[in-house]
Amino acid sequence: MTIRRLSSPADVPVFQKLRLEALTEAPEAFASTYADWVDLPDTEWARRLAESPTWAAFEGALPIGLMGYMRERPARNSHRALLVMVYVSPSARGHGVARRMLAAVLD
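The structure reproduced in this document is the subject of the present report. Note that the coordinates shown come from a computational prediction; the quantities given were computed from them, not determined experimentally.

## What to know about the overall build of the protein chain
Broken down by element type, the protein chain carries four helices and four strands. Starting at the N terminus and ending at the C terminus, the protein chain contains elements arranged as β-α-α-α-β-β-β-α. Its C-alpha radius of gyration of 13 Å places the protein chain within 12% of the 13 Å reference for a compact globule of 107 residues. In terms of its C-alpha atoms, the protein chain occupies a principal-axis envelope of roughly 40 × 30 × 30 Å. Split into buried and exposed, the 107 residues of the protein chain put 40% on the buried side. Restricting the contact set of the protein chain to residue pairs at least 6 apart, pairs at least 24 apart contribute 53%.

## What about the side chain of arginine 19?
Here arginine 19 shows up in helix α1 (residues 12-25). Buried within the structure, arginine 19 lacks any salt-bridge partner; its nearest side chain of opposite charge belongs to aspartate 36, at an N-O separation of 7.4 Å. Not counting residues within four places of it along the chain, the set of residues in contact with arginine 19 comprises Phe30, Ser32, Trp37, Trp45, Leu66 and Met85.

About the thresholds
- Residues numbered from 1 in each chain as written.
- Predicted model: local features only at pLDDT ≥ 70, side-chain atom pairs only at ≥ 80, totals over all residues.
- Heavy atoms only, no water.
- Helix = DSSP H or I, 4+ residues; strand = E, 2+ residues; numbered from the N terminus.
- Rg over C-alpha atoms; globule rule 2.2 N^0.38 Å.
- Buried < 20%, exposed > 50% of the residue type's maximum accessible area, 1.4 Å probe, protein only.
- Contact = heavy atoms within 4.5 Å.
- Lys, Arg positive; Asp, Glu negative; His and termini not counted.
- Salt bridge = Lys/Arg side-chain N within 4 Å of Asp/Glu carboxyl O.

See the structure below:
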């Protein structure tokens, strides 16, 4: 398994795949819905990826997990962040994927 930050427009397809999968597989776990995201143009996907640091886990070339964070905006709270978009594909659960992604985010 490898984990890397998604940071370029070339990463948008991976981000789209995992985010839409997450919203389909576990809709109750997210405030957003599949309908909120499915029709976004690639430019909006790229903007969102640029605004919130996001990591993906891969098993070979297959993306299997997603985790991001959002830093709090008020200056007094800028040392705080929230984990967002935490998702591991059903077939990869129970193998420490989320723990390894969290370590990557914390680093």
